[in-house]
Every structure is written in C-alpha cells, then in structure tokens.
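Next come the chains, spelled out residue by residue.
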2 protein chains.
Amino acid sequence: VKALVLDSGRLALRDQPTPVPGPGEALIRVAMAGVCNTDLEIARGYMNFSGVLGHELCGVIEACPDPRFAGRRVAGEINLSCGRCEQCARGLARHCPQRTVMGIAGKDGCFAEYVTPPMTNLHTLPEELSDERACFVEPAAAAFEVLEQVMVLSRDRVAVLGDGKLGLLIAQVLESTGCALTLVGNHARKLELARQAGITTAEIGSLARKSFDVVVEATGSPTGLHAAVELVRPRGTVVLKSTYHGKLELDAAPLVIDEITVVGSRCGPFERAIPALASGLVRPDALIDAIVPLVRAESAFERAAQPGALKVLLDMRAESVG
Amino acid sequence: VKALVLDSGRLALRDQPTPVPGPGEALIRVAMAGVCNTDLEIARGYMNFSGVLGHELCGVIEACPDPRFAGRRVAGEINLSCGRCEQCARGLARHCPQRTVMGIAGKDGCFAEYVTPPMTNLHTLPEELSDERACFVEPAAAAFEVLEQVMVLSRDRVAVLGDGKLGLLIAQVLESTGCALTLVGNHARKLELARQAGITTAEIGSLARKSFDVVVEATGSPTGLHAAVELVRPRGTVVLKSTYHGKLELDAAPLVIDEITVVGSRCGPFERAIPALASGLVRPDALIDAIVPLVRAESAFERAAQPGALKVLLDMRAESVG
C-alpha cells in the first residue's frame, strides 16, 4: 500500500506492506489527512523523525480488537501513551514520557492508505461531519487547548498573532467565547477570510502596546514571542502555540517587570473539537487550499510549503488526474 | 544631607539639600537600607537611572500630612502609582504605567539620610521587628509574590534555583507552605545556611529532569531559565524572578511540547512579609553579610558585588569608624 515516507531527510511516496496492528490497535483505512506546518518542519529535520508522516487523520476502522467498532468513521489522537506512568495517572496521557506520536515520533503516521493507532486514541465522528472537515479535528483540538489552559472571559481583550491555518482556527475558537478578539496578520487574503467569519483583524503596527489581556502567539516564527510580550498588558497571559526548529532571543526583563505569564500549548481535547466542527461553531471550509490525491503527495507538500498557503488535504481514495 | 547618587553611570556619596516632600508624601529619616542585586545592576546601567539609589527601606516618619503618623517606624513600598488608571483600578497599582519606582526609575531612593515616599506606600512596623530585619520586608514581599501568583500545595515538589539573597529568602517562604522543597545552588557556605534553616539543598547536576511541579528561577543569570525548564515536569510552572540586563537565548520547543507555564514575578505584598518577619516564620539574620555606615556606601557596594556576598545593609545613623 502507498505511504509518504521520510527517510534520512528525504520524502518519497513508497509502496509498503499493509501495516499490522499491534495489541490494542486498530487497522484504519485512511480517507483523508491534513498537512500541518509541523509536517513541513519535520520534513526539514525537526524531531529527527523517520517513517510515514501525517497526524491529522480521518478514516474508517477496517479491523480492530472489538468487532462492534468495525466500520466506524473516526478521527485519531496523535499521542500514544503507556497508561501506567505518573503523567498518565494524572490524566495527562498526552504528556506521557514514554509516548510515541503518530507521524512525529516513533510511530508511523496517516499519509498512507492504512495506519494503526490504538483503539483508545479513536473518536467516532458524527455523520454530519464531512471527511474534509474531520481532518480539522486535530488542529481544532489544539486550538481549544488554549481554553483548557487559560480562562478567557467574555470581557477580555484577546489577540491572536498569525493568520496561518492554526491562527485562523484559534481565532474562530476564541471568537466563540464572546471575547473582544483581534486577529493580527499580514496576509490580505487570509485576513479577509477571517473578516468573512466575523472576526476583527488588524496589522500589528496599528495596535497599542500592552493593550491585550491574552495574546496567542501562532506565527510559527521565533520573533513572535517578542511581539506577543509587547502587546500583552501587565499581569496578562501569552499563549505560545508555535513550534519551530531553533532558538529564540528574548529580553526577559519585560516578563519579570510586567509579571507576564507565558503558557506553552500543544495538543488539545478531541471531545471538544468534534461537536464544535459538527455544529458549525468552527467552520474550516474556507481554510482548505487544495485536496490532492495521495499519489501526488510530494507536490501537495510543495504546495503546502508555498508562502500564503492554507490547508492542503491528502485524499487517499482519489486517483491522480495529473 | 548625605546621599549615594548615581549620575551619568558614576556612583558617589554627596551632600545634598534635605528633600522636600510633595503632596501626599512623608519625610522619612532613614534608619537602615538593604543593598539589592538590582542596585548593582542599576549601577551597571540597567534601567538608565540617575539619582539616589536604594529601595529596601526602614525609617521613621519625621513629617507628614497627617500628624498622627509622625514618629512611626515604617517600611516603604517602592512603586509610586497614579491611583487613577486602569491598572490602579484593577488593584494592580504596582503595574501602574505612570509609576515611578523609588531608587529605580524617576524617584530618589533611600541610600540617604532622608527619603520622601508617598504616605500610601508606608507600612507601620511592629516593635518586635528590628531595623535590620525590617530591611528585608521589601525582598521578602518579592519572595511572597510567588505565592500570590502560583498555588503551591503541600504535596508539590518545588525547586528554587539560586542560593543568592533572594533565592535564600524565597526558599524560606516556600518552605513555610510545607511543600517538598529543594534549594539548588553552588555556594557551599550559602547552601549550609539554608540547611541550618531546615531546607533541603542540592547541586543541579544531582537532580532528575522534569521532576519538579514548580521551579523558581532566582539565579540572576540568563542561563537560569533554560535550567529551570529542564527541571520542571510537563504542565508544570516556572517562576522567573531574576532581573538582569541583556537578552537570553531559549529553545522554545520544550515550553510548547511540555506545555510549561512561565510566570514573571516582581514586587510583592508587604502585608504578608511584615508578619512573617515579625513572627520569625522568615528569619533573615543569617543573610546579613555586613552593616556599613552610609558614609562608607561606596565600599559597601564593592562588598555587595563580591562573588558569594550576602546582604549588605547601610546604616544611616552610624558614624564611620574607618
């Protein structure tokens, strides 16, 4: 079966044997999968990963330990935890130190016709949630993670920095709290998409320093944290969403003087993302840039890496037309 | 009257006119004052300050708008706020954007025979709190600020990085919560002082990564934050207490992946520090390195800047013996 494999830093579509589920795992026939900026970073060497890429998954259970679940359409969480350590016992399985991560660390991902996540990672999808939208469950969950870590009140002034895929999703999620939200970016087309969704937008130069209660940094750039610290009020909170390869330079004095809180934020609750996407509270359709057959995965990656690109979805069932 | 003045980067003891209190201010005859690492940083150019240094104050009200308070022995908060802005209205007067800061920014400090803080900044000292110990009210309040920002539970594993004056005070304050505390440093003499106060100590190399719920960074060094992030568990909290001049380099990925919270922390509640020092819950005596007359203030600064130095107090009433 076909799979997009990263091997010694090179990406290539390969024919491989159908993967065999381990104990507790399901065999999933992948329907569609989304390309994330983290995939692009991993292809550039972040995480030193080798194997099948891909972690934004929508598919159907083809075989699994409990036959009642066969045929179900599912999304899959990405962290595979041990279930026995201190973090797992605290309910923080996503932070299990023994974890592998689908398509990111030690576990093959879903840019393939088949993938084998553990049953405990799977969430049944409601019928009204299309395959295309279901590919956004994982990134929308990451967006909701902000609300699992920071109490955002309806009177709060909140800025999201970054008008990329994740920034646009986070903006939709935060807009749903009724807070006074501003999405900050510099891509006219993407800011227009946000405005069409009813979100206030701004360019960073137009904003007053220290004027936001909460600033979410989703620029994907090492300079974003500095910009976020400039915008947040004393005793305010910066949520750091960007992952990138490399170090940042920071003047720590404003953090101390203004007693700012910086919260790192990663994966989030599928339980919260699925109903939000199914109900239309979060609407990702306008974020889809292209749907590309798996056999053209390499060109899909090139497209996703273009400046200004939005979400590229891989369709595992479509034949190539090109 | 005598005052230690920083002028164009040079420190000098000068004879100046007695300062005249402004509206709402008191004339304080300074008894003693403590030299803080921030003073050393300011003397090196941090904050671009010019004027009388000093912000750890114990003195007696000599004149003030309300005669009932004349003769009272007091400690003085360092931030002078406007009382009318959004931050002041939130109860965050210490973050007033119009503030001046005694001996740090725009307001003469207390390394002088007289100083003129606003009445609203003064806290009456109980008799049982000696002048020497009262000089620790300001830094002990900064130590208690950790508990105003982070909920430290008695079952939490907490590390304090840095065995300097502030680190040792923070360790005493945190020890009082009953948490499982470790003070991490590399000065044998200072770690011995902490052990004499019943505090567990360690060298950093002996500690397991990701093993503390809360890590307080009080090393005063730009490399301290990196060390703190290494020690804290996933979803744990790092409190950043160090202020220094310059930038730090940071790999932000662990913050995001482990969803760590970093909280900047500065000045704290005098209301909490005074009873803790008066009762002996916090005992600063062993932290006093030397008591030096004001007329020898320049040599007191040299002493305070020695590696391994602890708290140097300036005594404004003592004659020089040297």
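Here is a short report on the structure shown in this document. Along each chain, residues carry numbers from 1 onward, in the same order as the chain's sequence is written. To label them, take the chains in the order written and letter them from A, then take the ligands in the order written and number them from 1. Where local features are concerned, this predicted model is filtered to residues with pLDDT of at least 70; where side-chain atom pairs are given and counted, the filter is 80 or more; whole-chain, interface and lining totals use all residues. For side-chain calculations, the full set of non-hydrogen atoms in the structure is used, while hydrogens and water are omitted.

## With respect to the sheet that holds strand β12 (residues 157-161) of chain B
Just so we agree on the cut-off: In short, DSSP must find at least two bridges between two strands for them to pair. Labels follow the DSSP assignment, with helices taken as runs of H or I lasting at least four residues and strands as runs of E lasting at least two, numbered in each case from the N terminus.
Sheet architecture is open: 12 strands sit in the order β14(A)-β13(A)-β12(A)-β15(A)-β16(A)-β18(A)-β18(B)-β16(B)-β15(B)-β12(B)-β13(B)-β14(B), paired in mixed fashion. If you trace the sheet from one side to the other, it starts and ends with β14 (201-202) of chain A together with β14 (200-202) of chain B, each paired once. Pairing of strand β16 (residues 232-240) of chain A with strand β18 (residues 261-264) of chain A, which is carried by 4 bridges, proceeds in the parallel orientation. Counterpart to T237 of chain A in the pairing with β18 of chain A is T261 of chain A.

## Focus on the interface of chain B and chain A
For the record, the criterion: Residue contacts are counted whenever heavy atoms from the two residues lie within 4.5 Å of one another. Put simply, buried area is the surface a 1.4 Å probe can reach on two separate parts but cannot reach once they are joined, added for both. Here, a salt bridge means any side-chain nitrogen of Lys or Arg that lies within 4 Å of a carboxyl oxygen of Asp or Glu. The definition of a polar contact used here is a pair of N or O atoms within 3.5 Å, where within protein one atom must be able to donate a hydrogen and the other to accept one, and adjacent residues in sequence count solely through side-chain atom pairs.
The interface is formed by 42 residues belonging to chain B together with 42 residues belonging to chain A. Taken together, the two surfaces of chain B and chain A that pack against each other cover about 3,400 Å², and 53% of this comes from carbon and sulfur. Viewed at the interface, chain A and chain B are joined by 6 salt bridges. Here R157 of chain A ties to E86 of chain B by a salt bridge, and the two come within 3.2 Å at their closest N and O atoms. If you look at where chain B meets chain A, you find 17 residue pairs in polar contact (both at pLDDT 80 or more). Residue assignment for the side of chain B that touches chain A shows that the elements contributing at least two residues are α2 (86-89), α4 (137-149), β16 (232-240), β17 (247-250), α8 (253-257) and β18 (261-264) of chain B.

## Considerations on the environment of K165 of chain A
Residue and element names in this part refer to chain A. Inspection of the secondary structure assignment puts K165 in helix α5 (residues 165-175). Taking the C-alpha atoms as reference points, K165 and A218, separated by 53 residues in sequence, lie 9.3 Å from one another. With sequence-adjacent residues up to four places away left out, K165 is seen in contact with V35, C36, N37, L287, A309, L310 and K311. A distance of 2.9 Å separates the side chain of K165 from the side chain of N37, its partner in a polar contact.

## Thoughts on the packing of aromatic side chains
Any aromatic ring pair is given by two values, namely how distant the centres are and how the planes are angled relative to each other. All names here are of chain A. Rules: Note on ring pairs: Phe, Tyr and Trp rings are taken, using the six-membered ring of Trp, and paired if centres are within 6.5 Å. Classes follow the plane angle, with under 30 degrees stacked, over 60 edge-to-face and the rest tilted.
Under the criterion given, the structure shown has 2 aromatic pairs over all chains. Ring plane angle 85° and centroid distance 6.0 Å describe the contact between F111 and F301, whose orientation is recorded as edge-to-face. Placement of F111 in the loop between β9 (106-107) and β10 (114-115) and of F301 in helix α10 (residues 297-305) is noted, with a sequence separation of 190 residues between them.

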